[in-house]
Amino acid sequence: MSENGLIISDLWEWELRYVNGHFILELRDVSADFSFDTEHAYGRFGAALVPSCWGLLLIGGVTGKRLLRHEDEIVVLKSRARLRVDVHPRPLLVGFGAANVGTSPNKRSLGAHGDLISSVLIIGGGSVCFSFGTFWNEGCFLLGKPKGVDEMPWHFQIPDPNAAAMESINEGGHQVGLSSDQSSTATSPQTTYIPRIQIDTAETFQSVLSAGQPVIIEELDLGTCIKRWTLEYLRKSFPLRHSKAQSNKTQVVVHSSPTRHMNFQTKNFSYITKPFGEFLDAIERGEKLYLRALSSNDPAGKPTSFSQDYPSIAADFKLPYALGMVAANAHSSPLRISGPVTMWLHYDVMANVLCQIRGRKRLLLYPPSDVTQLGFVPGASSSSIDVFETDASAHPPLAHTHPHEALLEPGDVLFIPALWLHTAAPTEGVSVAVNIFFRNLEKGYAAGKDVYGNRDLQAYEKGRKDVERIAKAFEGLPVEIRRFYMERLGMELLDKARAPSL
């Protein structure tokens, strides 16, 4: 579209080439190649170009010459073949997203026109008219070509919720369907593998913070701990008994669980105190024990500091210069040593980096938006659901989550953004890690002590009290009236929560 609001009818191709160490972008005006075909109006605004097994599809948009006819909305550029959309009401194909998702010919089709050999997923779309108001497409569509049909017509394949073998196509973890209430079959969500990156400057790490997505940072220099921290070395660093004072210093409080999965909500574990060396012997034998280090001086009142609480091995571990922001804003740095147990699903209010020193560990992370699907009761920062063992058939809301998986090797550093829900389990032997929590907000943290770094923000703590006060104000009113006004207040709060800024 030009500066004066006119839709440009030019058509261009571009090609990015790498020549002699340089990237070259070539642009070619191909308008003349399509000038004979004025019927389809290829110059469009708000359209999508989607690669498919049939060629490049031009989908939707608006033209500056006329309204697109029904049969011209979707065109195969190479063959000029047209696709007529046989769904009512006709979707508004402007401002939508489209992607080639493909299907397996061995699976049952989603529609009534035979097995699909490929599909294009269309999500969203809509517009605002100052005379007629706002319209948007509800749900998603699958644009499919039936197997064995080489010519048109094509069809929109609408998922059949009653099909015995509904095929699952997930985009970002959500099952495709016309609307959420049509997707009755629970499916496992699609897992995203957390990317691995390398950084060498503080500026690069700052860009990681700004992106707000988990990443695995590899090939950082974490010190001599990667080679030194064998269980034997750790035993020698913490002798069991030289004197009464020394013995007290080497005592650790650990979680002892009768089952593999520890559940903070039901407290299916107990806290026991062991000499450090005996604890290492026990987890080496496979006992279900877990150490999340506490402050040696004031465990109930102060966050733990690895350098102060474990001075005999502190010099072995270091944060590289690129993570200087973490060190400068550190809240706590617990040592974590785990036997064959799974940490409960939880979130931390502070961002943190998990530095894997010994052993291998698997983590599942979920974005903050998934909190309503994962069994977090109001005011709780942990869930009872074991996402390693539970699937959507047992807990249907899992079908609408967006799991991210990390497999940590010794020397890996996992950045976990604030409020990302996560759980961890060792996959091989004993896991040893140093976990550093740091403040990345200028304000908003809860006042008073926060030993573990997971106290909810001050505004949330106050807001929960306000909710109780508001609910109490409606006491004594008829149920329908109370519900009417409280739901309106709830929608008003949701609107503010979804606004780009307050």
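Anything mentioned here points back to the structure above.
Thresholds, definitions, all that
Residues numbered from 1 in each chain as written. Predicted model: local features only at pLDDT ≥ 70, side-chain atom pairs only at ≥ 80, totals over all residues. Heavy atoms only, no water. Helix = DSSP H or I, 4+ residues; strand = E, 2+ residues; numbered from the N terminus. Buried < 20%, exposed > 50% of the residue type's maximum accessible area, 1.4 Å probe, protein only. Contact = heavy atoms within 4.5 Å. Areas by Shrake-Rupley, 256 points an atom, 1.4 Å probe, with all protein chains shown as cover. Phe/Tyr/Trp six-rings, centres within 6.5 Å; stacked < 30°, edge-to-face > 60°. Lys NZ or Arg CZ within 6 Å of the ring centre and 35° of its normal. 1 Å grid on protein atoms, 1.4 Å probe; cavity = no way out; pocket = protein on both sides within 12 Å on 5 of 7 lines; lining within 4 Å. Points joined across faces, edges and corners; volume = space filled by probe spheres on them. Nonpolar A, V, L, I, M, F, W, Y, C, P; charged D, E, K, R; others polar. Core = buried A, V, L, I, M, F, W, Y, C linked by side-chain atoms within 4.5 Å. Salt bridge = Lys/Arg side-chain N within 4 Å of Asp/Glu carboxyl O. Polar contact = N/O pair within 3.5 Å; in protein donor to acceptor, adjacent residues only side chain to side chain. Patch = residues over 30% accessible without salt bridge, like charges linked within 9 Å, V, L, I, M, F, W, Y side chains within 5 Å.

What follows is about the overall build of the protein chain. The helix and strand tally for the protein chain stands at ten helices and 28 strands. Relative to its full complement of 502 residues, the protein chain shows a buried share of 41%. Within the protein chain, contacts between residues separated by at least 24 positions form 68% of all contacts whose residues are at least 6 apart in sequence. Counting every atom, the protein chain has about 27300 Å² of accessible surface; 54% of that belongs to carbon and sulfur.

Let us look at the packing of aromatic side chains. The description of two aromatic rings rests on the distance between their centres and on the angle between their planes. Applying the stated rule across the entire model yields twelve aromatic pairs. Every member of this aromatic cluster is reached through a ring pair, and the members are Trp-229, Phe-276, Phe-279, Phe-306, Tyr-310 and Phe-317. Over the face of the ring belonging to Phe-264 we find Lys-267, whose NZ or CZ atom lies 3.6 Å from the ring centre.

Moving on: the layout of surface pockets. Of the volumes computed, that of the largest pocket is approximately 1700 Å³. In terms of lining residues, the largest pocket is bounded by 38 residues, among which Tyr-460, Val-467, Leu-493, Leu-494 and Ala-497 are the most central. Put simply, the parts of the chain that give the lining of the largest pocket at least two residues each are helix H9 (458–473) and helix H10 (479–498). Within the lining of the largest pocket, the residues separate by chemical class into 25 nonpolar, six polar and seven charged.

Further remarks concern the environment of Gly-286. Here Gly-286 lies in the loop between helix H5 (276–284) and strand S20 (289–292). With 144 residues separating them along the chain, Gly-286 and Val-430 place their C-alpha atoms 8.6 Å apart.

A few words on the nonpolar core. Within the largest apolar cluster, 44 residues are counted, with the highest numbers of intra-cluster contacts made by Phe-205, Trp-229, Tyr-310, Phe-317, Leu-335 and Ile-337. Setting aside chain neighbours within four positions, we find Leu-335 in contact with Trp-229, Leu-291, Arg-292, Ala-293, Phe-306, Tyr-310, Val-432, Ala-433 and Val-434. Among the nonpolar cores identified, the runner-up in size contains 18 residues, and Val-349, Phe-376, Ala-392 and Tyr-445 belong to it.

The full count for this structure, using the stated rule, is one cavity of 30 Å³ or more. Approximately 180 Å³ is the volume found for the largest cavity. Tyr-290, Arg-336, Met-343, Lys-361 and Ala-424 are the residues nearest the centre of the largest cavity, which is lined by 20 residues in total. Residue assignment for the lining of the largest cavity shows that the elements contributing at least two residues are strand S22 (335–338), strand S24 (351–366) and strand S28 (421–438). With seven residues, S28 is the single largest residue contributor to the lining of the largest cavity. The class makeup of the residues in the lining of the largest cavity is ten nonpolar, seven polar and three charged.

What follows covers the pattern of salt bridges. Per the counting criterion, the structure on display carries 20 salt bridges. A salt bridge links Arg-235 to Glu-232; its shortest N-O distance comes to 3.4 Å. Pair noted here: Arg-235 and Glu-232 are both in helix H3 (residues 231–237), with a separation of three residues, about one helical turn. Residue classification places Arg-235 among the buried positions, given a relative accessible area of 18%. Given the relative accessible area of 43%, Glu-232 is considered partly exposed. A salt bridge links Arg-483 to Glu-487, with the shortest nitrogen-to-oxygen separation between them at 2.7 Å. Of this pair, Arg-483 and Glu-487 both sit in helix H10, four residues apart, which is roughly one turn of the helix.

On to unusual backbone geometry. Non-glycine residue Glu-219 carries a positive phi angle of around 65°. Tracing the backbone through its elements, the reader meets Glu-219 in the loop between strand S17 (215–217) and helix H2 (225–228). In this structure, Leu-419 is a non-glycine residue whose phi angle is positive, near 75°. Looking at the secondary structure, you find Leu-419 in the loop between strand S27 (413–416) and S28. A relative accessible area of 35% means that Leu-419 is categorised as partly exposed.

Right, let's get into the side chain of Ser-295. With respect to the helices and strands, Ser-295 occurs in the loop between S20 and helix H6 (306–309). Here the side chain of Ser-295 touches Asn-297 through a polar contact of 3.4 Å, landing on its backbone nitrogen. Within the structure, the side chain of Ser-295 is placed 3.2 Å from the backbone nitrogen of Asp-298, a separation counted as a polar contact. The contacts of Ser-295, once residues within four sequence positions are left out, are Lys-302, Pro-303, Thr-304 and Asp-309.

On the surface, Trp-12, Trp-14, Leu-16, Tyr-18, Phe-23, Leu-25 and Leu-27 cluster together into a nonpolar patch covering about 930 Å² of accessible area. Secondary structure elements with two or more residues in the nonpolar patch: strand S1 (12–19) and strand S2 (22–29). For the nonpolar patch, the element with the most residues is S1, which contributes four residues. Counting through the fold element by element, Tyr-18 comes out in strand S1. Look at Tyr-18 and you get exposed, because its relative accessible area is 55%.

Quick look at the environment of Arg-455 now. The topology assignment puts Arg-455 in the loop between S28 and H9. In sequence terms Arg-455 and Val-349 are 106 residues apart; their C-alpha atoms lie 6.5 Å from each other. Apart from the residues lying within four places of it in its own chain, the contact partners of Arg-455 are Val-349, Ala-446, Ala-447, Gly-448, Lys-449, Asp-450 and Glu-461. Here the side chain of Arg-455 touches Glu-461 through a polar contact of 3.0 Å, side chain to side chain.

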